[in-house]
Amino acid sequence: VSLRVYYHEVIKEVDSKVKTFFTFPIDASGIWYNQILHDPAGSLLATIGQSKNILPSTQASDLSMVQGGSGIYTKINIPGISYIPGFGKNVAFISSRIQLTPLKGCYSATNPLPDSLAVYIADPKNRVLSQLAYPTAKVYANKIVPADLDLLPYYEVDLTPFFTSMLA
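The rules behind the values
Residues numbered from 1 in each chain as written. Predicted model: local features only at pLDDT ≥ 70, side-chain atom pairs only at ≥ 80, totals over all residues. Heavy atoms only, no water. Helix = DSSP H or I, 4+ residues; strand = E, 2+ residues; numbered from the N terminus. Buried < 20%, exposed > 50% of the residue type's maximum accessible area, 1.4 Å probe, protein only. Pairing = 2+ DSSP bridges. Patch = residues over 30% accessible without salt bridge, like charges linked within 9 Å, V, L, I, M, F, W, Y side chains within 5 Å. Areas by Shrake-Rupley, 256 points an atom, 1.4 Å probe, with all protein chains shown as cover. Salt bridge = Lys/Arg side-chain N within 4 Å of Asp/Glu carboxyl O. Phe/Tyr/Trp six-rings, centres within 6.5 Å; stacked < 30°, edge-to-face > 60°. Axes fitted to C-alpha atoms, helices over the stretch in contact; angles between N-to-C directions. Core = buried A, V, L, I, M, F, W, Y, C linked by side-chain atoms within 4.5 Å. Contact = heavy atoms within 4.5 Å. pLDDT = per-residue confidence, 0-100.

J.: An account of the overall build of the chain is requested, with residue identities and associated values reported.
T.: Scanning the chain for helices and strands turns up one helix and ten strands. Ordered by position in the sequence, the α and β elements of the chain form the string β-β-β-β-β-β-β-β-β-β-α. Taking all 168 residues of the chain together, 16% fall into the buried category.

J.: Report on the pairing of strand 10 (residues 154-158), specifying residues and quantitative values.
T.: Bridge analysis of strand 5 (residues 97-100) against strand 10 gives four bridges, and the strand direction is antiparallel. Note on strand 10: the bridge partner recorded for Leu100 is Tyr155. Inspection of the sheet shows strand 9 (residues 140-144) paired to strand 10 by three bridges, in the antiparallel sense. Of the residues in strand 10, the one forming a bridge with Lys143 is Tyr155.

J.: I'd like to hear about a nonpolar patch on the surface, residue by residue, with values.
T.: A surface patch of nonpolar side chains, amounting to about 380 Å² of accessible area, comprises Leu3, Val5, Phe22 and Phe24. Relative to the helices and strands, Val5 resides in strand 1 (residues 2-7). The class for Val5 is partly exposed, based on a relative accessible area of 36%.

J.: Any details on the packing of aromatic side chains? Residues and values, ideally.
T.: A full pass over the atoms with the stated rule returns one aromatic pair. Where Phe162 meets Phe163, the ring centres are 5.3 Å apart and the plane angle is 70°; that geometry is what we call edge-to-face. Classification of Phe163 as buried rests on a relative accessible area of 7%.

J.: Can you tell me about the sheet that holds strand 9, naming the residues and giving the values?
T.: If you walk across this open sheet you meet the four strands as 5-10-9-6, and the pairing is antiparallel. Both outer strands of the open sheet, strand 5 and strand 6 (116-118), are each paired with one neighbouring strand and no more. The mean angle between the axes of side-by-side strands here comes to 25°, regardless of whether they run parallel or antiparallel.

J.: Outline the environment of Pro135, supporting the account with residue identities and numerical values.
T.: Mapping Pro135 onto the fold places it in the loop between strand 8 (128-131) and strand 9. As for Pro135 and Pro161, which are separated by 26 residues in sequence, their C-alpha atoms are 9.6 Å apart.

J.: How would you summarise the nonpolar core if you had to cite specific residues and measurements?
T.: Formed by 13 residues in total, the largest nonpolar core has its most connected members in Val119, Leu132, Tyr134, Val139, Val157 and Leu159. Element by element, the count of residues in this core is highest for helix 1 (residues 160-167), at three residues. Contact partners of Val119, with chain neighbours within four places excluded, come to Gln131, Leu132, Val139, Tyr140, Ala141 and Val157.

J.: Account for the confidence of the model for the chain, with residues named and values stated.
T.: Put simply, the chain has an average pLDDT of 75, and 69% of its residues get 70 or more. Of all helices and strands in the chain, the one with the weakest mean pLDDT is strand 3 (residues 14-15) (58), whereas strand 9 scores best (92).

In structure tokens form, the structure reads like this:
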């Protein structure tokens with residue numbers, strides 16, 4: 001198995017007729033997935049995909065869910081966000097952070113939590129528009145493991161630059 005990338009060279013502003021390519025070998029000895037099926041019947045997510053593609057957390061025992069491969073992810077609606085642009089030049093956000101705490105027991109040493117979660121911007125129809133990015137880098141919710149062993153690990157994302165840019 002390999003990936004072949006074709007390209008052409010521009011020589012004196014005239015396209016070359018010779019096809020040129022690079023071939024990159026792909027290691028085929030690993031674990032492969034070619035299809036992921038998900039049947040949410042009998043779960044808190046049973047209504048997703050049947051008549052709607054969102055499920056309020058009030059109908060899911062106030063839990064948030066992320067399931068890689070199936071397209072199920074947590075969407076956070078921020079009330080009043082449409083009123084922020086042009087709100088005022090004398091307003092500044094000191095700090096805007098979202099904290100997500102995984103449910104105890106949904107992770108283990110053999111099924112650990114990822115170090116970060118990607119943060120995306122979606123429209124009202126749940127179409128992902130882009131990954132949230134600031135001028136220096138893309139934004140992730142980073143895992144924080146408190147030093148106090150009694151506290152659960154959690155994810156935190158700083159949205160201050162996002163809201164500040166909306167004010168501008």
